[in-house]
Every structure is written in structure tokens, then in C-alpha cells.
Amino acid sequence: MKTHVSISAREIKGPLNLSLTINSGQTSQPAWVIDNKYYKEFLLVDNQPFLIKLSQEELTGSVEMEIESNTEFNLKPILEEVRRIFDLDYDLSNFYEFLKEDPKLAPTIDFCKGLRLFKAHNIFECLISSICSANNSIIRWNRSIRAMREKWGDSYRLPSGKFHTFPSPLTILNLPEHEIEEMEICSGDKNIEECIHNLKACGVGYRGKYIKKASSMVNQGLKLGKLGQMGYDNAFETLLEFPGVGPKVADCILLYGYGMGDAFPTDVWIKRIISHLYFDRKDVPVSKIREFGQNQFGEYAGYTQLYLFHYARKSGLLNKLKPVKK
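Undergrad: Looking at this structure, I do not really get the nonpolar core. What am I missing?
TA: Nonpolar side chains tend to gather and get buried jointly when the protein is soluble and globular. Leu127, Ile128, Met148, Phe242 and Tyr307 are the most contacted members of the largest nonpolar core, which totals 71 residues. Sequence-distant contacts of Met148, defined by excluding residues within four places in its chain, comprise Ile128, Gly153, Phe166, Pro167, Ile172, Leu199, Cys202 and Ile211. The next biggest cluster of nonpolar side chains, apart from the first, holds 23 residues, and it includes Trp32, Ile52, Met65 and Phe73.

So this is what it looks like as C-alpha cells:
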């Protein structure tokens, strides 16, 4: 069965640019797939499978939603989940007033209007996505996560087709890391080119060992759900215990996974942007840039980082900040 519902612009606190939000490279999850005029994704809500399709005819306008399921369902939790994922109850207008107070930040509004946090539906998937994103392109880590879903996730059949969840920590823990390990498991019954059911075959590269260890830690009892109930500092330190999770990846998980707005994900690009805007392009350490961002922007740190990076990409500033090759 299919149900159609609209979320009017009046029901959204401030503007929303659906396409920009979905395609902004946030590591909460892969970008939703574009299908004609709809962005679609498979979600489990209260353990019931749904195909959610969203479209927006005009930027910052209302959102049309099509919900597909095998059975009758309660609309309220689905709407609540969509509102949470796209942060529709966050008042962007207040944030824009904050940006306007700083001449260095004010130009970001025109380039980023309606850009919102794209929060994780599955926090474990967000953890693995963020690990995969380190030193990687958006296209590659998106492809890796979708490959892991299709190979090892639980499958569900809906009228529109077959869909998959992200695999559980235990499932990933029991996977071979690379093709050699897969060959050993099958006692050499496969040729190496036939060994495609391993993490490396999904394009995760050296991150496979981090993914396996992270899955082990979660499977052994580290409760990801409890991190969202911690204060920022405790949650940040806990995430650093995961292999492959440094300060930047930890902040990505806290921001995109849990919506902790005081997180300020800082990599070499954010370092260059902040150094250019606030430190006369001096070579300030990444750790100092992160500290500056949190202190300078406070509760708006996460959103400010998101807007600064997108602004720098679209305005051409990022290209200007690349080091000159000698």
C-alpha cells in the first residue's frame, strides 16, 4: 500500500533545501537515491519496513512524501523520523541571525540556504560510514556502504522491489576482511577473483580492519545508543577508543549521528578555511582550529562547519586555498 502526505513549508522551522541536504556529503548515511523527481530510501521504523520517497518542487518549499509498506501503519512515527533525519524542527532562521553577526560568516547563507543536518537513521551505519569516509571521497564511501547493505544486510520485499538494511555488528564481525582470508575460509575452493564477499571487495581498503574491530567493540557491549545520552566531552572520548576514529571522525559521528551541535569536525580543509578567515592564513594546528571553532561558534559550531565547507566548495574558496605545487 502507498500513502501520500505533504509537509508544508509552515511546518518546517526555517527553509529547507532537500537536495542540498541529501547531497552535502554528511557521513550519517549514503545519499538517498534519486528516482525521477523523488529521493528515496528504505527505512525501518518501529521495526516495520518502509520505502520513503521525498520530493520538493521548489527550493525551501513544501515536501511531498510517498510512503510504501506491505501493511497498514501508523503515520505519526514515520513523520517524526523524517522530521528528525532532516532536522526540520531546528530553527534555521535563528542560526542565520547568528551568521549575519559575523561578516566572515554572513556570505555562507546565500550559498547554503536551506542546508540542514542529515541525521543518521542507523547509528551503527553512521559509525562505519564515518570510518569509511576518512581520506576517502564521498562517492567511494557511499558506494562501500551500499555494497555492504546489499551483500550482508537483512532483506525485505516491498511492492517496489527488494531492499536491505545495514548489516549488524555481529554479521560484519564474522566477515573475511580481504580476499586472501576469504580463500582460506573456503579452503581454496575459490579462485582469488571469485572472492568478492569480503570487506575489501566493497572498496573499504585499509579501513577493513577498523570496521571489524569497531563491530567487535559494539558486539561486545559498547552501547552506541547511550553515547547520545552522554555529555559531548564524554561521548567524544568514548568514540576515540574505536580504531580508525580520530577527533574529526568522532565529531562527524556526534554531529551527524547524534545531532550534537557543539561538535566541530576539523580536517585539513576546515583548517585552511578557518586559518584564511580568522588567522591571516597562518599555519595553525588542526587541534587549535577545532578548539577555536567550538569556542567561537558555541552551540552553532556544527552547523557553522557544515555551512563553511559547502560555501568554500561552491564559492571557489577551496580551490584558492589549495597549496601551490612547487
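Undergrad: Looking at this structure, how should I read the pairing of strand 7 (residues 161–164)?
TA: Both faces of the sheet carry side chains from a regular strand, because those side chains alternate between them. Pairing geometry for strand 6 (residues 155–158) and strand 7, over four bridges, is antiparallel. For Leu158, the partnering residue across the bridge sits in strand 7 and is Gly161. Hairpin geometry of strand 6 and strand 7 is characterised by an intervening segment of two residues between the two adjacent antiparallel strands.

Undergrad: Just to check I follow, could you spell out the packing of helix 5 (residues 123–133) against helix 12 (residues 247–257) for this structure?
TA: The angle between the axes and the distance between the axes are what describe a pair of packed helices. Contact geometry of helix 5 with helix 12 gives a least axis separation of 9 Å together with a crossing angle of 145°. The two elements helix 5 and helix 12 meet at a crossing, and its hand is right-handed. For the pair helix 5 and helix 12, the contacting residues are Ile123, Cys126, Leu127, Ser130 and Ile131 in the first and Val249, Cys252, Ile253, Tyr256 and Gly257 in the second. Residue composition of the contact of helix 5 with helix 12, grouped by class: eight nonpolar, two polar and no charged.

Undergrad: Can you help me understand the environment of Asn198 in this one?
TA: Relative to the helices and strands, Asn198 is located in the loop between helix 8 (179–185) and helix 9 (208–219). For Asn198, a relative accessible area of 1% puts it in the buried group. As a C-alpha pair, Asn198 and Glu179 span 19 residues in sequence and 6.2 Å in three-dimensional space. Engagement of the side chain of Asn198 in a polar contact is seen with the backbone nitrogen of Lys200, the distance being 3.2 Å.

Undergrad: Is there a simple way to explain helix 2 (residues 75–85) in this structure?
TA: By the burial criterion, the buried members of helix 2 are Pro77, Ile78, Glu81, Val82, Arg83 and Ile85. Looking at the packing, one finds that the buried side of helix 2 touches strand 1 (2–7), strand 3 (38–45), strand 4 (48–55) and strand 5 (63–68). Capping of helix 2 at its N-terminal end is provided by Asn74; its side-chain oxygen lies 3.2 Å from the backbone amide nitrogen of Lys76. Of the residues trailing helix 2, Asp87 is marked for its positive phi of about 55°.

Undergrad: How do you make sense of the packing of aromatic side chains when you look at a structure like this?
TA: Any two aromatic rings considered together are summarised by their centre-to-centre distance and by the angle between their planes. Evaluation of the coordinates by the stated rule reveals 24 aromatic pairs. Both rings, one in Phe111 and one in Tyr311, keep their centres 5.2 Å apart while their planes meet at 75°; by these two values the pair is edge-to-face. Taken together, the residues Phe111 in helix 4 (residues 108–112) and Tyr311 in helix 15 (residues 301–315) connect sequence positions 200 residues apart. Following the ring pairs from residue to residue traces out a cluster consisting of Tyr90, Phe95, Tyr96, Phe98, Tyr300, Tyr303 and Tyr307. Over the aromatic face of Tyr210 sits the side chain of Lys209, whose NZ or CZ is 5.0 Å from the ring centroid.

Undergrad: Could you clarify how one ought to interpret the sheet that holds strand 1 in this entry?
TA: Whether parallel or antiparallel, the strands of a sheet pair through hydrogen bonds between backbone atoms. If you walk across this open sheet you meet the five strands as 1-5-4-3-2, and the pairing is antiparallel. Two strands bound the open sheet, and with one partner strand each, they are strand 1 and strand 2 (33–35). Across this sheet, the average inter-strand angle for adjacent strands is 30°, counted without regard to direction. Sheet strands in contact with helix 2 are strand 1, strand 3, strand 4 and strand 5, and its direction is about 50° off that of strand 1.

Here is what the cut-offs are and how they apply
Residues numbered from 1 in each chain as written. Predicted model: local features only at pLDDT ≥ 70, side-chain atom pairs only at ≥ 80, totals over all residues. Heavy atoms only, no water. Core = buried A, V, L, I, M, F, W, Y, C linked by side-chain atoms within 4.5 Å. Buried < 20%, exposed > 50% of the residue type's maximum accessible area, 1.4 Å probe, protein only. Contact = heavy atoms within 4.5 Å. Pairing = 2+ DSSP bridges. Helix = DSSP H or I, 4+ residues; strand = E, 2+ residues; numbered from the N terminus. Axes fitted to C-alpha atoms, helices over the stretch in contact; angles between N-to-C directions. Left-handed = near helix turned anticlockwise from the far one by under 90°. Nonpolar A, V, L, I, M, F, W, Y, C, P; charged D, E, K, R; others polar. Polar contact = N/O pair within 3.5 Å; in protein donor to acceptor, adjacent residues only side chain to side chain. Phe/Tyr/Trp six-rings, centres within 6.5 Å; stacked < 30°, edge-to-face > 60°. Lys NZ or Arg CZ within 6 Å of the ring centre and 35° of its normal.

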